[in-house]
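Coordinate inspection notes
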Amino acid sequence: MTFKNKKLLVTRRLPAAVLARAARDYDAMLNADDTLYSAEMLLTKAQDADAALICLSEKFTGEVIAALPERLRIVSTVSVGTDHIDLDAARRRGVRVGNAPHGVTIATAEIAMLLILACARRAPEGQQLIVQHQWEGWSPTFMLGQRLDGKALGILGLGKIGQALARRARAFDMEIHYHNRQRLPEAEEAGAVYHASTESLFRAADILSLNAPATPATKYILRAETIAWLKPGAIVINTARGDLVQDADLIAALKTGRAGYAGLDVFEGEPNIHKDYIGLPNVMLLPHMGSATIEARNQMGFEALDNIDAFFAGRALPFAVV
Ligand code: DGY
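Residues numbered from 1 in each chain as written. Predicted model: local features only at pLDDT ≥ 70, side-chain atom pairs only at ≥ 80, totals over all residues. Heavy atoms only, no water.

A few words on the domain arrangement of the protein chain. Segmentation of the protein chain into domains returns domain 1 (7-103 + 294-312) and domain 2 (105-285). Of note, the centres of domain 1 and domain 2, computed from C-alpha atoms alone, are 31 Å apart. Overall, the association of domain 1 and domain 2 removes approximately 520 Å² of surface from exposure, summing both partners, and the carbon and sulfur fraction of that is 48%. In this assembly, domain 1 and domain 2 are joined by 1 salt bridge. For the salt bridge of Arg241 with Asp83, the shortest nitrogen-to-oxygen distance reads 3.1 Å. Linking domain 1 to domain 2 there are 3 residue pairs in polar contact (both at pLDDT 80 or more). Along the lines of polarity and charge, the residues of the side of domain 1 that touches domain 2 split into 3 nonpolar, 3 polar and 1 charged. (Domains from an automatic or database assignment. Buried area = accessible area lost by both parts, 1.4 Å probe. Salt bridge = Lys/Arg side-chain N within 4 Å of Asp/Glu carboxyl O. Polar contact = N/O pair within 3.5 Å; in protein donor to acceptor, adjacent residues only side chain to side chain. Nonpolar A, V, L, I, M, F, W, Y, C, P; charged D, E, K, R; others polar.)

Now the structure itself:
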């Protein structure tokens with residue numbers, strides 16, 4: 001089904017296959033040079049649009065949503081996260097919101113596994129030695145890390161990504177522990193040990209992976225008070241959202257060795273990251289690359305487009321948020 005009479009605002013340069021589908025089925029307004037739209041530019045572009053296909057880089061605040069034109073009644077985001085959209089404002093304004101919940105799963109679980117391995121085996125320090133011409137040769141006690149088998153991986157948020165990470169970690173013979181607000185059915189737990197509280201999970205984990213969405217309840221869930229629950233030298237992984245971590249507290253813990261290593265793909269206020277992460281030896285820092293595979297980004301784009309197609313076809317949104 002095509003909707004050539006509908007103007008679709010596409011806010012970022014998406015993979016070619018996604019743009020081709022958008023241009024085939026809609027009167028698509030593309031962003032060929034991938035300019036990052038300010039709120040003002042976003043609203044100017046949106047004035048002619050019936051729908052918006054957006055990314056997490058576009059902040060749909062209450063003010064932006066209130067200023068959208070009457071004709072724009074659906075916003076679909078090429079992301080699983082929706083923390084860049086004021087969902088209450090969308091509800092009040094009668095704007096439907098959809099997301100892309102599945103495409104990110106495997107790619108993000110893979111990047112979490114990459115960070116776990118890199119931190120456990122001290123890969124960032126190894127690379128630094130080489131690029132700084134400081135490697136003096138092999139020695140039996142040089143650059144000792146730790147094996148993953150038998151280690152407790154604590155997953156905060158055993159949703160789709162958390163479960164995909166757990167499957168991968170089981171292949172490394174890790175023990176899986178998790179905390180969710182609600183205990184999962186046995187089939188989804190797949191043998192993972194449930195912890196009824198965050199504290200209990202943090203105390204059990206050799207490696208803690210944050211996989212929960214950014215909500216008021218998870219804001220700064222890792223902070224001095226909760227870092228104190230971790231085992232001394234525990235590894236912390238964050239592929240979810242930067243808002244879950246109080247950066248200054250984690251940096252202080254990394255400096256004293258209270259936290260052994262941190263593997264971080266997301267940061268509060270990104271792309272501006274806390275300056276004190278830079279130069280720490282015991283961190284692996286990535287620029288929000290969790291879902292950066294062509295397979296993931298194509299699927300994410302298609303899922304987000306499926307929402308808009310369904311909206312104009314008068315069907316239920318397959319991935320409805322609002
Ligand atoms: C998401 O989908 O929310 C991811 O953070 C994008 O990489």
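With that out of the way, let us pick up the site of the ligand. Taken together, Leu56, Ser79, Val80, Gly81, Val104, Arg241, His288, Ser291, Arg297 and Met300 make up the full set of residues near the ligand. Here an oxygen atom of the ligand and a backbone polar atom of Gly81 are 2.9 Å apart. In this structure, Arg241 approaches the ligand through a side-chain N or O atom, which is 2.7 Å from an oxygen atom. In terms of residue class, the shell around the ligand is made up of 4 nonpolar, 4 polar and 2 charged. (Near = heavy atom within 4 Å.)

Here the focus is the packing of helix 1 (residues 16-25) against helix 12 (residues 294-313). The geometry of helix 1 relative to helix 12 is characterised by a closest axis approach of 8 Å and an angle of 20° between their N-to-C directions. Here helix 1 lies roughly parallel to helix 12, going by the angle between them. Every pair of crossing elements has a handedness; the one defined by helix 1 and helix 12 is right-handed. Across the interface between the two elements, Ala17, Val18, Arg21 and Ala22 from helix 1 touch Arg297, Asn298, Gly301, Phe302, Leu305, Asp306 and Asp309 from helix 12. (Axes fitted to C-alpha atoms, helices over the stretch in contact; angles between N-to-C directions. Helix = DSSP H or I, 4+ residues; strand = E, 2+ residues; numbered from the N terminus. Parallel < 35°, antiparallel > 145°, perpendicular 65-115°, else oblique. Left-handed = near helix turned anticlockwise from the far one by under 90°. Contact = heavy atoms within 4.5 Å.)

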